[in-house]
Every structure is written in structure tokens, then in C-alpha cells.
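Take a look at the letters that make up each chain.
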Amino acid sequence: MSLPPSTLVLGGAASGKSLYAENLIRDIGGNPVYIATAEALDEEMQKKIALHRKRRGDQWRAVEEPLSLVDALKDHDSADAAILVDCLTLWLSNLLANGRDVVGETDKLVQALPTLSASVVFVSNELGLGVVPENVAARQFRNLHGVMNQSVAVAVEHVIFVTAGLPSILKGVSGR
């Protein structure tokens, strides 16, 4: 089994999207690379990161990169690699917290995709299914996140929505 050059796995919080994305890469073999955008800034996140590491096991090469995602993708790109980026939502949050140009960084990411030799699977939350946030900052984040997800979804070959651990193919052909 092989993956398309690029895949976006979307879902709500705790929907099973990360596990589904990990299994996509595990199923094809090769040299799996996990690019983590999360930072262990509190105890809850430290526990979540430890759980993900334990679940993946030792065969994954882990790369922690909260901001320079395109550079990390290029640094670990090879024809025999399968790269998992988990997750774009935290990457967006990190960009905003560090005063970075979110639209420019997203454009840079989308433009880099066709230049990569590795198969890449992105994980991202779907935030647009809930109520409209009450405050301006939360609405701005939701809107920027929606634009980012749409840009990446257009650029990748395969888009999967995961609900309760079950995948729905939104774009591309079903390989699983």
C-alpha cells in the first residue's frame, strides 16, 4: 500500500484523527518521521505528548518544530520517508503567539508541498462545526484556521475527516 504524496486528516478534538494518521503511515512502512508542533508548556500537554510517544513506539523519528514547519519538512524529506505533521492547529496557534504572518506561512507550506519527495500526512482540527465564538480573538483564530485548512485541503491529494475514529473520504480515492 502506498500513500498519495500528501494527505490532510481532519477531525474534532479527541476524534481519533492522530491515531488514524499514524496508522496510515505505519501501514506503508518506510522511515516514519513525526513532526510535532506542540510544546509541552503544561502538565496536561506533557501527558498527552508522552501518550502519543508511547503509542508510536521507537520506530518513529521525532522532530519537535513549533514554528518553522516548512524548514522541518525540507530537512527530513526523502523518497523513502513518510512524514506525519501533528498538528496544524497548534502550528497556527504558535505562529499567532509569536507574531508570525499566518497567511504567508500557510502559502509557503502549500507552495512547498509539490517539491517534497516524501509522503506527508497533516493532522488538523475542524473548528467550524461549533458555535460562533463569543470574543474577537477566538473568532479571528477560527477564521484563520478555516482559511489554513481550506488552503491545505486544496493543495493535497487526499482529505479524510475522522469522527469517533471512523474515516470519511472527502477528497481522493479510498485506500483503506
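Keep in mind it's a predicted model, so treat the numbers as computed, not measured. All residue numbers refer to positions counted from 1 along the written sequence of the respective chain. The model is predicted, so local features are restricted to residues of pLDDT at least 70 and side-chain atom pairs to those at 80 or more, both for listing and for counting; the totals for chains, interfaces and linings are taken over all residues. Working from all heavy atoms in the structure, the side-chain values ignore hydrogens and water.

### Focus: the overall build of the chain
- Across its full length, the chain holds 6 helices and 7 strands.
- Under the scheme used here, helices are H or I runs from DSSP no shorter than 4 residues and strands are E runs no shorter than 2 residues, and both carry numbers assigned from the N terminus. N-terminal to C-terminal, the α/β element order of the chain is β-α-β-α-β-α-β-α-α-β-α-β-β.
- The C-alpha radius of gyration of the chain comes to 15 Å, within 12% of the 16 Å expected for a compact globule of 176 residues.
- When its C-alpha atoms are laid out on the principal axes, the chain stretches across 45 × 35 × 30 Å.
- Throughout, exposure labels follow a simple rule: accessible area from a 1.4 Å probe, protein chains only, divided by the maximum for the residue type, with under 20% read as buried, over 50% as exposed, and the rest as partly exposed. A buried classification covers 43% of the 176 residues belonging to the chain.
- The method behind every accessible area is Shrake-Rupley, applied with a 1.4 Å probe, and residues are considered shielded solely by the protein chains displayed. Only carbon and sulfur atoms are counted for the fraction: they give 53% of the accessible area of the chain, which is about 9100 Å². C-alpha atoms define the radius of gyration, and 2.2 Å times the number of residues to the power 0.38 defines the globule rule.

### Digging into the sheet that holds strand β6 (residues 158-163)
- Overall, mixed pairing links the 7 strands, which are arranged β3-β2-β4-β5-β1-β6-β7 in an open sheet. Looking at which strands have only one partner, the edges of the open sheet turn out to be β3 (61-64) and β7 (166-171). Averaged over all neighbouring strand pairs, the angle between strand axes comes to 20°, with direction disregarded.
- One requirement defines pairing of two strands: DSSP has to find at least two bridges between them. Bridging between strand β4 (residues 81-86) and strand β5 (residues 119-125) involves 5 bridges; their strand directions are parallel. Among the inter-strand pairings, I83 is bridged to a residue of β5, identified as V120.
- Residue contacts are defined here by distance: any two heavy atoms, one from each residue, within 4.5 Å place the two residues in contact. Between the N-to-C directions of two axes lies an angle of 0 to 180 degrees, each axis being a line fitted to C-alpha atoms and, for a helix, fitted only over the stretch in contact. Contacting β1 (6-11), β4 and β5, helix α4 (residues 88-97) runs over the sheet at an angle of about 70° to β5.

### With respect to the layout of surface pockets
- Of the pockets and cavities examined, the largest pocket occupies roughly 600 Å³.
- Definitions used for this entry: grid spacing 1 Å over protein atoms alone; cavity, a set of points where a 1.4 Å probe fits but cannot get out; pocket, an open set with protein on both sides within 12 Å along at least 5 of 7 lines; lining residue, one with an atom within 4 Å of a point. If you go around the largest pocket, you meet 29 residues; those closest to its centre are S18, Y34, K48, H52 and D86.
- Taken together, the elements giving at least two residues each to the lining of the largest pocket come down to α1 (17-28), β2 (31-36), α2 (43-56), β3, α4 and β5.
- Of all the elements, α2 adds the most residues to the lining of the largest pocket, at 8 residues.
- Note that Gly is not counted as nonpolar here; it falls among the polar residues with everything else outside the nonpolar set of Ala, Val, Leu, Ile, Met, Phe, Trp, Tyr, Cys and Pro and the charged set of Asp, Glu, Lys and Arg. For the lining of the largest pocket, the class distribution of residues is 14 nonpolar, 7 polar and 8 charged. Grid points are joined across faces, edges and corners, and a volume is the space filled by probe spheres set on the points.

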